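Architecture at a glance
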There are 2 protein chains.
Amino acid sequence: MVKINDNYEKLPGSYLFSDIAKKVSAYQEANPDQKIIRLGIGDVTQPLTDSVISALHSAVDEMGQAKTFHGYAPDLGYEFLRTAIAKHDYEERGCDIAADEIFVSDGAKSDSANIQEIFSLDNVIAVCDPVYPVYVDSNVMAGRAGDYDEERGLFDRIVYMPCDAEHGFAPQLPEQEADLIYLCFPNNPTGAVINKEELQKWVDYANEHSSIIIYDAAYEAYIRTDGIPHSIYECKGARTCAIELHSFSKNAGFTGVRLGYTVVPKDLVRDGVALHKLWARRHSTKYNGAPYIIQRAGEAVYSEAGQREVKQLVDYYMKNAAYILKGLKEAGFTVSGGVDAPYIWLKTPNQMTSWEFFDELLEKVGVVGTPGSGFGPHGEGYFRLTAFGSYENTVEAVDRMTKHFQK
Amino acid sequence: MVKINDNYEKLPGSYLFSDIAKKVSAYQEANPDQKIIRLGIGDVTQPLTDSVISALHSAVDEMGQAKTFHGYAPDLGYEFLRTAIAKHDYEERGCDIAADEIFVSDGAKSDSANIQEIFSLDNVIAVCDPVYPVYVDSNVMAGRAGDYDEERGLFDRIVYMPCDAEHGFAPQLPEQEADLIYLCFPNNPTGAVINKEELQKWVDYANEHSSIIIYDAAYEAYIRTDGIPHSIYECKGARTCAIELHSFSKNAGFTGVRLGYTVVPKDLVRDGVALHKLWARRHSTKYNGAPYIIQRAGEAVYSEAGQREVKQLVDYYMKNAAYILKGLKEAGFTVSGGVDAPYIWLKTPNQMTSWEFFDELLEKVGVVGTPGSGFGPHGEGYFRLTAFGSYENTVEAVDRMTKHFQK
């Protein structure tokens, strides 16, 4: 008699972005003539760059010839990609991370969901509130979150770190004991960043408490301000307390290409066991490597031309962010984020709830964003817009919002 | 204070194929002039076919233009691929499976490792012995396998179904109660198949016991004999008791491309919950879809030309299988499999253990295979060879083996 994993029953509703997609498509069906501008899900809109396209084509050609065909990839990623990552993302930033501490994967979403598997179900996790839902949901499914308190909208075994206006929408060190601490900077959804000195406090805290920080650096390419760390390994002591997640989705536009990586330093040891060994085992047993052609595309991102193109892509989206920030400020909105991050965090006007604002924005303005409350109770009364639209659509969305809400 | 998932500590040794790879590369380093022929890991050697290459190129071109760029894929796979699968793999075989019961993924290995997550840790799993290690290891990591008995080489909460010579190396219905039953036909590693009547008994058993069969059909393209089912859904009642896993690795040579799919029929309900809903939730929360360009490559496999090419590929490898079978038989080996499967299962000569034979074959003959005991205790004294080499290498390997062992 099979029993299901009843932890799934504790998940409130379905996955946030699936909900939004359903709502939007229902509205579009009912209003086929309305041009909907999507600034909701963090999906990019600009095409892959020339270096990446050309690397993909030549890798495809290799796959068509017996002599250059590639079957199963090495479990942990091709050497050519891991070396490029180690050099550009770490060595050049003065971080001590070796190529064999880098695990190539199909993206930061999978890694951020799977990383909890190598830890005991007894651990207490701490997350920001609001937070990227995958950190919480993957722990709920595993049975690490306890029960859901409908009224508070919180799980009783999770430590929540509120990100509120008072602290610039960044989290403060947890007051309760926490074993696994999920951090994301530049933050999704609030767009907040912290400087190196502040991040150092988290690293010191984790080392003191023998906690581990799972550091999601998916948006590091958007950092413009000096002194904001691009990697947690810029901090002293991070090799003994931090795992870092990276994505190619937001810098190189790989949302539909799927590539990411996770760093597990060999100095990261708990219960006498190197976590590097556990994650390697997880990878080799439950995963079969990222496609060869896509790892070649990833390598191209690190070429000189590739880096130039990434900069242009990021500049393109940051121009959108600047337009949204300026436009909405002028229209009287309270906004933050969007300076070192592709996300703009705005306070809903007129005491509207996040979902009320979502509905009004969809139905009256034809713009899709993400309700802050979808990211956690402290997101209530807030709303996330992304800079990942086309420039034309972004301008149109801001203009429509200005017109509607200034009425 | 972080605690690790100590279930990992129960895993004996490292992942089988990683072990073999390390042994082979150490030998090659010490003997740089020896030409090693690899018939070990089930990796293909022939290049991607023309239809697939051309679909990849045009999808890459689409990704380079804003108008045809594709970001995040639909969680469960693109409609174009799911429809093609439903039509070719099910409708044309008279199986009642709808496109929205098909979940596209990065391969059958990931799916076979992840599928256990939607079930309670209390369930008892049943596996063949010998068996593809991922089924067991993924359950060990999750904490469902109990403790490892070093002496017997078995976990104490797993029900093992011996596949021995007496039963043609196919499993018999489990004698103890089992909730999740992993079956793989054509079998990896033994190459055994069963006919529809026999498979029907498993389906009836599962429905009677409210068990679920996880049916790995990764090798179905190799079936030549009439009356051997290509899908478990050819059996009556399978929609209420079976999940089926498919791969593009072995038919279309996608081992380095990564594409597969899993079927969860909507009639599959346990504890009042549709497993379809659970797997959809797992997919949307912990995975981000297979790359667009690779789903287009999968679609090309189902085109008329694609199907012709797949047939040629499979024919190519089956010619190897036939050569190995015939050659080794003539050399006095006891062999099975290789008729409806790309794997040849041979009895080690002279009472050698599987690893003794592995070492002798590597060091004296320069041929790599897989020790049967690596797949489970009932594999001891057996050895797996794959038909996935090039024809030239396969011929050379068999000739070398014949020469060496006939001495």
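Refer to the structure printed above.
What you see is a predicted model; the values in this text were computed from it and never measured.

1. Some details on unusual backbone geometry
A cis amide bond links aspartate 129 of chain A with the next residue in sequence, proline 130 of chain A, at an omega value of 5°. Checked against the element boundaries, proline 130 of chain A lands in the loop between strand 3 (125-129) and helix 5 (133-142). Looking along the chain, the bond that leaves asparagine 188 of chain B and enters proline 189 of chain B is cis, with omega of 15°. Within the secondary structure, proline 189 of chain B sits in the loop between strand 7 (180-184) and helix 6 (196-209). Even without glycine at this site, serine 210 of chain A takes up a positive phi of about 55°. On the secondary structure map, serine 210 of chain A appears in the loop between helix 6 (196-209) and strand 8 (212-216).

2. Re the sheet that holds strand 17 (residues 382-386) of chain B
Residue and element names in this part refer to chain B. What the four strands build is an open sheet, ordered 13-14-17-16; its pairing is antiparallel. At either margin of the open sheet sits one strand with a lone partner, and together these are strand 13 (335-337) and strand 16 (370-371). The sheet contacts of helix 10 (residues 354-365) involve strand 14 (343-347), strand 16 and strand 17, and relative to strand 17 the element is tilted by about 45°.

3. Quick word on the interface of chain B and chain A
Facing 82 residues of chain B, the contacting portion of chain A comprises 82 residues. Taking both sides of the interface into account, the surface hidden between chain B and chain A amounts to around 6700 Å²; carbon and sulfur atoms contribute 58%. Taken together, chain B and chain A are joined by four salt bridges. Residues glutamate 117 of chain B and lysine 286 of chain A are paired through a salt bridge, measuring 3.5 Å at the closest nitrogen-oxygen approach.

4. Brief notes about the relation of the copies chain B and chain A
The operation relating the two chain copies consists of a rotation about an axis and a shift along that axis. Mapping chain B onto chain A is achieved by rotating through 180° and translating by 0.0 Å along the same axis, at an RMSD of 0.0 Å. Taken together, the rotation and translation relating the two chain copies correspond to the operation of a two-fold axis. The rotation axis passes nearest to the C-alpha of histidine 57 of chain B in chain B, at a distance of 3.1 Å. A shared interface surface links the copies, since 100% of the contact residues of chain B are contact residues in chain A too.

5. Notes on helix 5 of chain A
Residue and element names in this part refer to chain A. Along helix 5, nine of the ten residues are buried, which leaves the element largely enclosed by surrounding structure. Taken as a whole, helix 5 has its buried residues at Pro133, Val134, Tyr135, Val136, Asp137, Ser138, Asn139, Val140 and Met141. With its phi angle positive at about 95°, glycine 143 sits one or two positions after the end of helix 5.

6. Concerning the pairing of strand 8 of chain A
Residue and element names in this part refer to chain A. Most of strand 8 sits out of view: five of its five residues are buried. Residues Ile212, Ile214 and Asp216 line one face of strand 8 and the alternating positions Ile213 and Tyr215 line the opposite face, and both faces are buried. By the bridge criterion, five bridges tie strand 7 (residues 180-184) to strand 8 in an arrangement that is parallel. What sits directly across from leucine 183, in strand 8, is tyrosine 215. Taken together, strand 7, helix 6 and strand 8 form a β-α-β motif whose crossover is right-handed. Across four bridges, the pairing between strand 8 and strand 9 (residues 242-247) is parallel. By the bridge assignment, aspartate 216 is partnered in strand 9 with leucine 245.

7. A short note on the packing of aromatic side chains
Residues and elements named next belong to chain B. Under the criterion given, the structure shown has 53 aromatic pairs over all chains. With a centroid separation of 6.2 Å and an interplanar angle of 90°, the aromatic rings of phenylalanine 80 and tyrosine 292 are classed as edge-to-face. Of this pair, phenylalanine 80 sits in helix 3 (residues 79-90) while tyrosine 292 sits in helix 8 (residues 292-301), and the two are 212 residues apart along the sequence. With a relative accessible area of 18%, phenylalanine 80 lands in the buried category. For the pair tyrosine 148 and phenylalanine 155, a centre-to-centre distance of 4.8 Å together with 50° between the ring planes defines the contact as tilted. Judged by its relative accessible area of 26%, tyrosine 148 is partly exposed. The exposure class assigned to phenylalanine 155 is buried, which follows from its relative accessible area of 4%.

8. Some points on empty space enclosed by the protein
Going through the model one piece at a time under the given rule, you end up with two cavities of 30 Å³ or more. If you add up the space inside the largest cavity, you get close to 180 Å³. Looking at the largest cavity, it is lined by 20 residues, and the ones nearest its centre are Ser110, Asn114 and Tyr287 of chain A together with Asn114 and Tyr287 of chain B. For the lining of the largest cavity, the secondary-structure elements that each account for two or more residues are helix 4 (108-114) and helix 7 (275-286) of chain A together with helix 4 (108-114) and helix 7 (275-286) of chain B. Of the pockets and cavities examined, the second largest cavity occupies roughly 60 Å³. What lines the second largest cavity is simply Asp106, Arg258, Tyr287, Gly289, Ala290 and Pro291 of chain A together with Asp106, Arg258, Tyr287, Gly289, Ala290 and Pro291 of chain B. Its residues placed into classes, the lining of the second largest cavity shows six nonpolar, two polar and four charged.

Rules and cut-offs
Residues numbered from 1 in each chain as written. Chains lettered and ligands numbered in written order. Predicted model: local features only at pLDDT ≥ 70, side-chain atom pairs only at ≥ 80, totals over all residues. Heavy atoms only, no water. Helix = DSSP H or I, 4+ residues; strand = E, 2+ residues; numbered from the N terminus. Pairing = 2+ DSSP bridges. Contact = heavy atoms within 4.5 Å. Axes fitted to C-alpha atoms, helices over the stretch in contact; angles between N-to-C directions. Buried area = accessible area lost by both parts, 1.4 Å probe. Salt bridge = Lys/Arg side-chain N within 4 Å of Asp/Glu carboxyl O. Least-squares fit on C-alpha atoms with pLDDT ≥ 70 in both. Buried < 20%, exposed > 50% of the residue type's maximum accessible area, 1.4 Å probe, protein only. Right-handed = clockwise from strand over helix to strand, strands pointing away. Phe/Tyr/Trp six-rings, centres within 6.5 Å; stacked < 30°, edge-to-face > 60°. 1 Å grid on protein atoms, 1.4 Å probe; cavity = no way out; pocket = protein on both sides within 12 Å on 5 of 7 lines; lining within 4 Å. Points joined across faces, edges and corners; volume = space filled by probe spheres on them. Nonpolar A, V, L, I, M, F, W, Y, C, P; charged D, E, K, R; others polar.

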